[in-house]
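Chains, contacts and geometry: an overview
What follows is each chain in one-letter form.
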Amino acid sequence: MSDPYDIAVVGGGISGSTAALYLARGGMRTVVLEAKGLCRQASGVNAGTLSIQVKEAELIPYAMRASELWEAAPQWLGADVGFRRLGGLTLAFTDAEAEMLKDRMADRQAAGAPIEFVGLNRAREIEPSLSDRPVLASYCPLDGYSDTTRAGKAYRGALLRSGVDLRENTPVTGIEREGADFAMLIANGVVKARRVVLAGGLWLCGIMAWFGFRLSAECRINQVSATARMGPTLRTIIGIANGFLSIKQVANGTVLIGGGWQGIGDLERGGVEVIPGNLTANIRLARYAVPAMAQARVVRTWLGIEGHSENYVPLVGPLPGVEGAYVLGLVRGGYTIGPLVGKLLAEAILGCEPELPLFDPAKALHPLARP
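No experiment lies behind these values; they were computed from the predicted model shown. (Residues numbered from 1 in each chain as written. Predicted model: local features only at pLDDT ≥ 70, side-chain atom pairs only at ≥ 80, totals over all residues. Heavy atoms only, no water.)

Turning next to the pattern of salt bridges. By the definition in use, this model includes 15 salt bridges. Between Arg65 and Glu355 there is a salt bridge, with its nearest N and O atoms 2.8 Å apart. Taken as a pair, Arg65 in helix 3 (residues 60-71) and Glu355 in the loop between helix 10 (334-349) and strand 23 (366-367) lie far apart in primary sequence, 290 residues in all. By relative accessible area, Arg65 is classed as partly exposed at 23%. Here Glu355 falls in the partly exposed class, since its relative accessible area comes to 38%. A salt bridge links Arg156 to Glu168, with the shortest nitrogen-to-oxygen separation between them at 2.7 Å. Taken together, the positions of Arg156 in helix 7 (residues 148-161) and Glu168 in the loop between strand 9 (165-167) and strand 10 (174-178) put the pair 12 residues apart, joining distant regions of the chain. Classification of Glu168 by relative accessible area gives partly exposed; the value is 25%. Each of Arg65, Glu68, Lys343, Glu347 and Glu355 takes part in a single network of salt bridges with overlapping partners. (Salt bridge = Lys/Arg side-chain N within 4 Å of Asp/Glu carboxyl O. Helix = DSSP H or I, 4+ residues; strand = E, 2+ residues; numbered from the N terminus. Buried < 20%, exposed > 50% of the residue type's maximum accessible area, 1.4 Å probe, protein only.)

Structural data, given as structure tokens:
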């Protein structure tokens with residue numbers, strides 16, 4: 001049997017892949033064990049929006065730094081991921097929504113986000129396609145997006161060039177301690193490593209039980225739609241104060257429409273079925289904000305999975321009481337922040353001081369009751 005790896009990363013989403021990349025570049029012999037395809041589960045089925053102003057205040061510094069990493073992907077990842085910085089508007093259509101928007105964005109401004117409040121005239125200068133219905137908007141020039149498919153391909157190339165043993169379609173069914181090593185149980189045997197990063201996203205709930213912890217998380221099955229290609233229509237990313245709309249036009253002319261409207265599915269099956277009423281409401285809301293969307297033709301709708309811990313607490317750091325084990329996942333807005341938290345954890349494992357603090361997993365974990 002070959003010598004144990006220096007470290008195994010269980011889960012090949014954006015954050016786990018970033019951690020693996022920096023660990024390998026730091027000199028560790030690294031293996032990634034991904035149940036399906038690299039960056040193709042939660043990291044691959046979202047709309048790729050990289051928004052600053054929708055993040056919770058405590059995550060603003062992380063989102064801003066992560067945005068810089070996305071923009072610099074050709075340098076550290078070795079490939080263009082289709083990053084575009086468009087700026088983003090969040091709209092309020094009523095006085096009540098305007099007050100809610102002011103309250104929410106004030107905390108994010110205080111955390112360092114470059115957000116300004118603008119009236120209708122200024123908002124329509126920024127985004128001429130807007131209807132005349134908003135009474136107030138917040139604007140953040142840093143909001144943007146990347147292409148999730150191109151990002152996944154870029155990560156695969158970077159990992160392989162860095163000597164990472166990449167094992168896709170390799171679900172881990174259990175993890176045991178064998179002396180000083182961890183033994184990852186897979187279909188055709190065992191993979192051993194001296195350390196392990198548990199980067200399984202929502203699947204961390206099951207993984208944590210292997211180590212005697214209970215982790216509660218919410219699983220959401222979001223609907224996202226794409227239109228046929230249109231002429232230049234949108235300059236910015238548009239959302240609304242209540243959070244149920246996100247619209248952007250990507251480089252090929254397609255408009256992506258989302259905002260958290262739910263479909264049918266669960267963690268085990270993923271997305272199963274679109275809810276027609278939610279799809280219709282999402283499209284109507286897009287048209288309410290941007291009248292030109294009345295001319296759009298929706299050609300595809302798909303379901304994406306996302307989740308967060310019960311108190312929206314990210315898990316990025318050492319697993320309590322288990323030397324050599326680390327947790328990485330359930331970061332709200334994980335696609336945006338994934339490259340940064342993966343890098344931060346890798347820095348800590350390599351013995352460096354992370355540029356921003358980690359998030360203690362102990363805050364979201366509870367010991368399992370013993371019989």
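A few words now on the packing of aromatic side chains. Per the counting criterion, the structure on display carries six aromatic pairs. On the numbers, 4.8 Å between centres and 45° between planes, the contact of Tyr62 with Phe359 is tilted. Residue Tyr62 is found in helix 3, and its partner Phe359 is found in the loop between helix 10 and strand 23; the two are separated by 297 residues along the sequence. Considered together, Tyr62 and Phe359 belong to a single accessibility category, that of buried residues. (Phe/Tyr/Trp six-rings, centres within 6.5 Å; stacked < 30°, edge-to-face > 60°.)

As a further point, take the nonpolar core. Leu77 and Val197 are the most contacted members of the largest nonpolar core, which has 58 residues in total. It is helix 10 that contributes the most residues to this core, eight residues altogether. The contacts of Leu77, once residues within four sequence positions are left out, are Leu21, Ala154, Tyr155, Ala158 and Arg161. Grouped together as the second largest cluster of nonpolar side chains are 33 residues, Phe211, Leu303, Leu319 and Leu330 included. (Core = buried A, V, L, I, M, F, W, Y, C linked by side-chain atoms within 4.5 Å. Contact = heavy atoms within 4.5 Å.)

Bringing the sheet that holds strand 3 (residues 49-50) into the picture now. Taken in spatial order, the three strands line up as 3-8-4 in an open sheet, and their pairing is antiparallel. Two strands lie at the open edges of the sheet, namely strand 3 and strand 4 (84-85), each paired on one side alone. Bridge analysis of strand 4 against strand 8 (residues 144-145) gives two bridges, and the strand direction is antiparallel. By the bridge assignment, Arg84 is partnered in strand 8 with Tyr145. (Pairing = 2+ DSSP bridges.)

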